[in-house]
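Residues per chain, in single letters:
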Amino acid sequence: MFSLIRSMWLVFLHAFHKRDTYQYPEEKAPLPARWRGRIVLTRDPDGGERCVGCYLCAAACPVDCISLQAAEAPDGRRYPGFFRINFSRCIFCGFCEEACPTYAIQLIPDFEMAEYDRQNLVYEKDALLINSQGKYPGYNYYKVAGMSISGKEKGEAAREEPPVNVKSLLP
Amino acid sequence: MARIFIDNTPYEVKEGKNLLEACLQLGLDLPYFCWHPSLGSVGACRQCAIKSFKDEDDKKGRIVMSCMEPVRDNMRISVNDSEATSFREHVIGWLMTNHPHDCAVCDEGGSCHLQDMTVMTGHSYRDYRFTKRTYHNQDLGPFLNHEMNRCIQCYRCVRFYKDYAGGKDLNVFAAHNHVYFGRQQNGTLESEFSGNLAEVCPTGVFTDKTLKSHYTRKWDMTYAPSVCQGCSLGCNISAGERYGSLRQIVNRYNGEVNGYFLCDRGRYGYEFVNSSQRIVHPAIRPHHNGSASREYIIGEVAARLKNGKAIGIGSPRASLESNFTLRQLVGAEHFYLGMSDTDHDHTSLALKILHGGPVRTPSLHEAETADMVLILGEDLTNTAPMLALAVRQAVRQVPMNEAMQQVHLAAWQDAAVREAMQEAKGPLFILHTFPTSLDELATGIHRDAPDNLARIAFAISRALGAPVNGSLELGETEQALVNDITAALKAAKRPLIIAGYGTGCDHMMKAAANISWALLQGGGQPMLSLTLPECNSLGLEMLGGHRFDSALAALKNGEADTLVVLENDLYRRADKHVIDELFSYAKDVILVDHLYNQTAENATVLLPAGTFAEADGTIVNNEGRAQRYYQVYVPKGEVQESWKWFLQIGEKAGVQRLHGLHNLDDVVWAMTTAIPALAPIAKLAPNADFRMAGQKIPREPHRYSGRTAMLANESVNEPRPPEDEDTPLSFTMEGYRGEAPAPLIPFFWAPGWNSPQAVNKFQSEIGGHLHGGDPGKRLLEPHVNGSIPFFTEVPQPYLSMPGHLHVMPLYSIFGSEELSMYTKGIAQRAQDFFVIYMNPEDIDEWNITPGIWVNFHIEGHAYLMVAVPNHWLPRGIAAMNAGLPKSQIIDLPQCIRFSGSEVTSTF
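Residues numbered from 1 in each chain as written. Chains lettered and ligands numbered in written order. Predicted model: local features only at pLDDT ≥ 70, side-chain atom pairs only at ≥ 80, totals over all residues. Heavy atoms only, no water.

1. Quick look at the sheet that holds strand β35 (residues 894-897) of chain B
Residue and element names in this part refer to chain B. Selection criterion: One bridge is not enough; two strands pair if DSSP finds at least two bridges between them. A run of H or I in DSSP becomes a helix once it reaches four residues, and a run of E becomes a strand once it reaches two; helices and strands are each numbered from the N terminus. Helix axes use the C-alpha atoms of the stretch in contact, all axes being lines fitted to C-alpha atoms, and the angles between their N-to-C directions lie in the range 0 to 180 degrees.
Strand order in the open sheet formed by six strands is β32-β33-β31-β34-β30-β35, with mixed pairing between adjacent strands. In the strand order of this sheet, the two ends are held by β32 (853-858) and β35, each with one partner. On average, adjacent strands in this sheet sit at an angle of 45° to one another, irrespective of strand direction. Two elements, β32 and strand β33 (residues 861-869), share six bridges in a ladder whose sense is antiparallel. Looking across to β33, one finds that Val854 is bridged to Met865.

Given below as structure tokens:
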């Protein structure tokens, strides 16, 4: 008997508590930065595309909803010629972000992607590439990779020695 | 067999092998870098370390390099010993100190031996925090990309390029911890086998440049077992496709044919499949150009064939199935062989020699074991490149065996054997008009007009006991050469005689046959290898048909008015004026081909045919080995196999001979029943209803990505994947995941082995046959009993006719083959001018200024050519680059009359 009354009292008290329900869509929920929502392609600090078209995200994707084609720019940088995510298949698992060696592909706290037409859930590169570094500011893949691109010759990346002089026999 | 104990488990292994081979053969995973089954061991990388114990009581043991230790009976070793494991992990840790963090932008990633071995040893975390060594790269030409930072100094590249393939322009420079593998300066790698570096290199220093232009990871490609269409040798390849275009050709191991390597024409000559000149829709002139439906056009073609005045022209570059269905469609009496008359003469002669003669023609692998080689009128590097590579190995046999006996070495101890051999070479004799790249290995070389060379060869055969009529008076040097060669042939246990189509002179083949037959009669065990012009020349010849020149006669006298041309550019089969005349008599030309070429210009109906990557078929190589190639992917548009077009047309036209045939197995059944010589083809590969554990064999690796996105731009509703009703392979990644039968292996992959080195999991012996035997069935076996049909007619010595030139063909690996010329890199390396090479004295005598366009007249037809002096040509003999696009003179050799010094026109 007592417990019944106690429960009713507690329920009554909740009427004066702060509400847990957000009045979405008028009120937006504050999402944590690591929320796995919409997938974007980010840029490095120089503004260049971070994605080098290595296909690791596509390989990691458990529903195979990422497809792309790697290409090489005249300056030696690799980039995806096209990059397509079929969000109607995506399960937002974040494996692609985990697999990405260049921090290019990231899941951001945005989930408002509903469409009436399923075809509109197929995102091409122009809908994916954003003008930001996303969650990992300051990272520049080509500054640590040994490939030379225009503006960064051999030996100019982080922790690299100047190129070997092949004609020298000195130790 | 020896018994060895690995981690206390007894195993039976073959003696004479090294421990690394033994372990790999037993299916154990042991990492290695510098060892390669074809290149042997040098013990340079220290990666394959294992523990070796003195006896049962020895608990301490010592670390040895398994690639350098021969198998001994009752030996005890340990692969999993903790000291050995940690040694291997440390070695790879050191190798990785300077390896860059660039797998993401490295083309090797995903099929990288270094990645595999790093994972295998458990070196999963990099402790090295200091600076990395860097190098400048070199531009190595259109085929290979160079990224020296990734090098782990295993020395495989130079060992393959210099020691195995005889290249001169790749070497190792500098010293100690900064050695450099490259050329002396930027420039195209000269060797015709340079592309193999991409597979030999265990990491991404050398990678395929054509792949880079449309880069796809190994796990993302749809593969099918295929056969190279570049020359008559029929090397096995795996072709990989992604997004509807062919991306890469990699080697498909076949222990009998190509082993681990391919030539550059074979590896890179695939770009025609992706050409913008592909015919993708059926078309009919003059109406409905490009817009008519398939059914409409099939109906039209069927109607045009109904009057029975159609003749079919086959093709040596189309499959047996396509040629056979065309032959059935038009009737055997209306079927013409679509090869030039010279090619036909050569091929039919070769078939006669191989079929009627008592000597076996060797596979490429057997050719490597020859202990004496005689090459008659062939520049092998350019007419049958992989045979040249085999000859390079064959000349090592004699000194290698001597060295092995003298210093008791095994053949796999590569560095030691080479040291013991020094520069010694086995007997190799070359008779050819021009210098060849094998000359550097030759014991004796002789250069002369083809007829004179053939006379020398006939003299050799007479010295060996062949019945030869006619006078064979030779000069003193020639006679000495004949004696030398005869002695060498008699001394050899397994001599190999090579001849073929290279000079255009068929006496060479006859003489080669005579020599081998005489040797056999004398109790020897000779091998006879004949090169042929195209990938299915021999198959087409076995199918049989009329000569090409009689097709013109049939049109002229009104017996026929419609031509059905199968995968053939007729302008490559006879001189331009002949083909122009042929088309002028034809009311209808129905062309089934894949590229829009000169013949397509004249066609009234165009039907898009599948290339080797879009079709299933069988071709027969120069050894008489029938090999099946499989469709890699379903092409866009209306492209389908030529034989499917013919079946559909035949059904519409009500041709009884094609009645009831619907798929590949039906066609193969009909073909093997109709032509008994081709009967073994029925057992070439499993039929379409073959299943493993109830499943098909997938063309795609299990990591294939992007299935739900690659076509989503067209429609988000994913289409049903195409089904393959012709073969036991599926076009998807679903299917049986274990090992497929050898003819059906689309790509080599095994757990932990992503690189092409995974092939060791598929071999019954390392470097030997694939499990269940190598793919392919030989159709020709020597005719052992009965009399030997010696060729007794000796050619007359060559006499130059005043005012005339005997023009012989000059073949080139890059340029002479039609389809590979669509690859930009190959076209770059081809001869680009239409030149005629002449003896300088001839040029002088006829007042021609070298290097200027000159009018030549041949039978009233004028040709513009540039005369280039060539010292190797005897007086009165000229040579032309054969097979270049837009060539107007095709039928080589021929005699041309040079009508005075013609007007030089300036351009």
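2. Description of the nonpolar core
Proteins that are soluble and globular tend to have nonpolar side chains buried together. Residue and element names in this part refer to chain B. Just so we agree on the cut-off: Only buried Ala, Val, Leu, Ile, Met, Phe, Trp, Tyr and Cys residues count toward a nonpolar core, and they belong to the same one when joined by side-chain atoms within 4.5 Å. In this scheme, a residue with accessible area under 20% of its type's maximum is buried, one over 50% is exposed, and one in between is partly exposed, where area comes from a 1.4 Å probe on protein chains only.
In this structure, Phe160 and Phe612 are the most contacted members of the largest nonpolar core, which totals 134 residues. Among the elements that take part in this core, helix α13 (residues 385-394) stands out by supplying seven residues, more than any other. The next biggest cluster of nonpolar side chains, apart from the first, holds 96 residues, and it includes Ala310, Leu337, Met372 and Ala492.

3. Overview of the interface of chain B and chain A
A common measure of how large an interface is: the accessible area buried when the components associate. What counts, and what does not: Here, two residues are considered to be in contact whenever any of their heavy atoms come within 4.5 Å of each other. When two parts are put together, the accessible area they lose, computed with a 1.4 Å probe and summed over both, is reported as buried area. The term salt bridge refers to a side-chain nitrogen of Lys or Arg lying within 4 Å of a carboxyl oxygen of Asp or Glu. What qualifies as a polar contact is a pair of N or O atoms within 3.5 Å, subject to a donor-acceptor requirement within protein and to the restriction that residues adjacent in sequence count only when both atoms come from side chains. All amino acids are sorted into three groups, where Ala, Val, Leu, Ile, Met, Phe, Trp, Tyr, Cys and Pro are nonpolar, Asp, Glu, Lys and Arg are charged, and the leftover types, Gly among them, are polar.
Chain B puts 50 residues into the contact, and the matching count from chain A is 46 residues. Taken together, the two surfaces of chain B and chain A that pack against each other cover about 3,700 Å², and 53% of this comes from carbon and sulfur. A per-residue breakdown of the area chain B buries against chain A is headed by B:Val105, B:Thr134 and B:Val716, which together make up 17% of the total. Put simply, chain B and chain A have five salt bridges between them. Linking A:Arg89 and B:Glu718 is a salt bridge whose minimum nitrogen-to-oxygen distance equals 2.6 Å. At the junction of chain B with chain A, the criterion picks out 31 residue pairs in polar contact (both at pLDDT 80 or more). When residues of the side of chain B that touches chain A are assigned to their parent elements, the largest contribution, three residues, is made by strand β6 (residues 132-134) of chain B. Considered class by class, the residues forming the side of chain B that touches chain A number 20 nonpolar, 16 polar and 14 charged. Sheet topology places strand β6 (residues 160-163) of chain A next to β6(B); two bridges connect them, and they run parallel. If you follow A:Pro163 over to β6(B), its bridge partner there is B:Thr134.

4. Details of the sheet that holds strand β2 (residues 66-72) of chain A
Residues and elements named next belong to chain A. Read across the sheet, three strands follow the order β2-β3-β5 without closing on themselves; strand pairing throughout is antiparallel. Edge positions in the sheet fall to β2 and β5 (122-123), since each of these pairs with one other strand and no more. Strand direction decides the pairing type here: β2 and strand β3 (residues 78-86), joined by seven bridges, are antiparallel. Its bridge partner being in β3, Ala70 is matched across the sheet by Pro80.

5. Some points on the environment of B:Gly43
Here B:Gly43 shows up in the loop between α1 (19-25) and β3 (49-53). Apart from the residues lying within four places of it in its own chain, the contact partners of B:Gly43 are B:Cys34, B:Cys67 and B:Met68.

6. Looking at the packing of aromatic side chains
What counts, and what does not: Side-chain rings of Phe, Tyr and Trp, where Trp is taken by its six-membered ring, are said to pair if the distance between their centres is within 6.5 Å; with planes under 30 degrees apart they count as stacked, over 60 as edge-to-face, and otherwise as tilted.
As enumerated under the stated definition, the model contains 30 aromatic pairs over all chains in all. For the pair A:Tyr141 and A:Tyr142, a centre-to-centre distance of 5.6 Å together with 70° between the ring planes defines the contact as edge-to-face. When its relative accessible area of 3% is taken as the criterion, A:Tyr142 is described as buried. With centroids separated by 6.1 Å and ring planes inclined at 70°, the aromatic side chains of B:Trp517 and B:Phe790 adopt a geometry described as edge-to-face. One end of the pair, B:Trp517, is in helix α18 (residues 507-521); the other, B:Phe790, is in the loop between β29 (777-778) and β30 (804-810), with 273 residues separating them in the sequence. Taken individually, B:Trp517 and B:Phe790 each receive the classification buried, so the pair is uniform in this respect. The structure contains a cluster of three or more aromatic residues connected by ring pairs, namely B:Phe160, B:Tyr164, B:Tyr253, B:Tyr260 and B:Phe261.

7. Section: the pattern of salt bridges
Side chains that differ in charge, positive against negative, can pair when their charged atoms come close. Residue and element names in this part refer to chain B. Taken as a whole and assessed by the stated rule, the structure comprises 60 salt bridges over all chains. One salt bridge in this structure joins Arg573 and Glu534, with 2.7 Å as the shortest N-O distance. Here the residue Arg573 occupies a position in the loop between β22 (562-566) and α21 (576-585), and Glu534 occupies one in the loop between β21 (527-530) and α19 (537-543), the gap between them amounting to 39 residues. By the burial criterion, Arg573 is buried, and Glu534 matches it. As a salt-bridge pair, Asp726 and Lys644 come within 2.9 Å of each other at their nearest N and O atoms. Within this pair, whereas Asp726 is found in the loop between β27 (697-698) and β28 (729-730), its partner Lys644 is found in helix α23 (residues 642-653), the two being separated by 82 residues in sequence. The buried category is assigned to Asp726, whose relative accessible area is 3%. Looking at Lys644, the relative accessible area reads 17%, which means it is buried. Overlapping salt bridges bring together Glu256, Arg360, Glu366, Glu623, Arg625, Arg778 and Glu781 as one network.

8. Concerning the side chain of B:Glu192
All names here are of chain B. Our working definition: Two residue types count as positive, namely Lys and Arg, and two as negative, namely Asp and Glu; His and chain ends fall outside the count.
By the element assignment, Glu192 lies in the loop between β9 (180-182) and α5 (197-200). An unpaired buried charge is present at Glu192: no salt bridge exists, and Arg829, the closest side chain of opposite charge, is 5.7 Å distant. The contacts of Glu192, once residues within four sequence positions are left out, are Cys263, Asp264, Thr381 and Ile813.

9. Focus: unusual backbone geometry
Geometrically, the link from A:Tyr24 to A:Pro25 is a cis peptide bond, its omega value of 5° lying close to zero. Relative to the assigned elements, A:Pro25 resides in the loop between α1 (2-14) and β1 (39-41). Put simply, B:Leu892 and B:Pro893 share a cis peptide bond, and its omega is 0°. Residue placement: B:Pro893 occurs in the loop between β34 (877-881) and β35. We note that A:Phe92 has phi near 55°; this positive angle belongs to a residue other than glycine. Turning to its location among the elements, A:Phe92 is positioned in the loop between β3 and α3 (95-99). Using a relative accessible area of 24% as the deciding quantity, one classes A:Phe92 as partly exposed. Even without being a glycine, B:His408 presents a positive backbone phi close to 55°. Mapped onto the elements of the fold, B:His408 is located in the loop between α14 (397-407) and α15 (414-421). Accessibility expressed as a relative area gives 68% for B:His408, which makes it exposed.

Function-wise, these values are silent; they only describe arrangement.
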